[in-house]
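Here's the letter readout for the chains.
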Amino acid sequence: EENRDPLVKAAALEALGRHGVADDAEPVVKCLKDKSVQVRMAAARALQRLHNPRVTGDICSRLVDEAEESSVRIELAIALGQYATDDAFQALAATLDARELAVNLAALDSLHLLTDQDFGLDRPLWLSWYRSTKSHFRRQQLYLYQTYQREKGFWGNVMICQQLVFEK
């Protein structure tokens, strides 16, 4: 947290996102207010992997902030795909009206993941469906973040004293 170099902070956030636990999401979400776009981007990506319902409100408020860089907002929309809450739905629906198409599509993907519905980029239709339905997230799909896996290869088989550890 004390390091001033944005690239060092971004690298630390990326590592924390890969190997952290749910409680690590709280210090990560604070980095969404950093002045460096690299740090904010790394924090948003880390939050895609660290699930903690206590940070949903902070993610939502940064997502709907139109002054935020669109690249960061895209990553935040993806991160909200794992939170089946009213505020996450409302923030994603509001983002369907953003000026950047990539942000719209990321929000649409997360809405589809949360609800298994597809009303396209039509925000009024999404909101109408949400008001008329009691069990909004009943058909929610499983949120998965792809991890890095590879073949063991020659050196992986030769180095029997050092186990290969892949992401979970």
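The structure presented is a predicted model; accordingly, all values stated were derived computationally and were not measured. (Residues numbered from 1 in each chain as written. Predicted model: local features only at pLDDT ≥ 70, side-chain atom pairs only at ≥ 80, totals over all residues. Heavy atoms only, no water.)

Turning our attention to the overall build of the protein chain. Summing up its helical and strand segments, the protein chain has nine helices and zero strands in all. If you list the helices and strands of the protein chain from N to C, you get α-α-α-α-α-α-α-α-α. Counting only residues that meet the buried cut, the protein chain has 40% of its 168 residues in that class. Counted over contacts in the protein chain with a minimum sequence separation of 6, partners at least 24 positions apart contribute 60%. (Helix = DSSP H or I, 4+ residues; strand = E, 2+ residues; numbered from the N terminus. Buried < 20%, exposed > 50% of the residue type's maximum accessible area, 1.4 Å probe, protein only. Contact = heavy atoms within 4.5 Å.)

Okay, the pattern of salt bridges next. Applying the stated criterion across every chain, the model contains ten salt bridges. The partner of K9 in a salt bridge is D34, with the nearest N and O atoms 3.0 Å apart. Within this pair, whereas K9 is found in helix α1 (residues 6-19), its partner D34 is found in the loop between α2 (25-30) and α3 (37-47), the two being separated by 25 residues in sequence. Salt-bridge contacts for R73 lead to E100; the nearest nitrogen and oxygen are separated by 3.4 Å. Residue R73 is found in helix α5 (residues 70-79), and its partner E100 is found in the loop between α6 (86-95) and α7 (101-115); the two are separated by 27 residues along the sequence. Here the salt bridges share partners, and the residues they tie into one network are R40, R62, D65 and E68. (Salt bridge = Lys/Arg side-chain N within 4 Å of Asp/Glu carboxyl O.)

To continue, consider unusual backbone geometry. Positive phi, normally seen in glycine, also occurs at D116, with a value near 60°. As for its placement among the helices and strands, D116 is situated in the loop between α7 and α8 (123-132). The class for D116 is partly exposed, based on a relative accessible area of 25%.

Quick look at the packing of aromatic side chains now. In total, this model carries eight aromatic pairs according to the counting rule given. Between W126 and W129, the aromatic rings sit 6.3 Å apart at their centres with planes inclined by 90°, giving edge-to-face as the arrangement. Taken as a pair, W126 and W129 lie in helix α8 at a separation of three residues, close to a single helical turn. Residue classification places W129 among the buried residues on the basis of a relative accessible area of 14%. Taking the centre distance of 6.4 Å and the plane angle of 55° together, the rings of W129 and Y130 count as tilted. Take Y130: its relative accessible area is 9%, and that puts it in the buried class. What links up through ring pairs into an aromatic cluster is the set F89, F119, W126, W129, Y130 and F137. (Phe/Tyr/Trp six-rings, centres within 6.5 Å; stacked < 30°, edge-to-face > 60°.)

Before going further, it helps to spend a moment on the confidence of the model for the protein chain. Here the protein chain averages 89 in pLDDT, and 85% of its residues register 70 or above. Mean pLDDT across the elements of the protein chain bottoms out in helix α9 (residues 153-158) (70) and peaks in α3 (97). (pLDDT = per-residue confidence, 0-100.)

Taken together, the buried positions of helix α4 (residues 56-63) are occupied by T56, I59, C60, R62 and L63. Here the buried residues of α4 occupy an arc of 165° about the axis, which is enough to place them on one side. Summarising the contacts, the buried residues of α4 are in contact with α2, α3, α5 and α6. (Arc of directions from axis to C-beta.)

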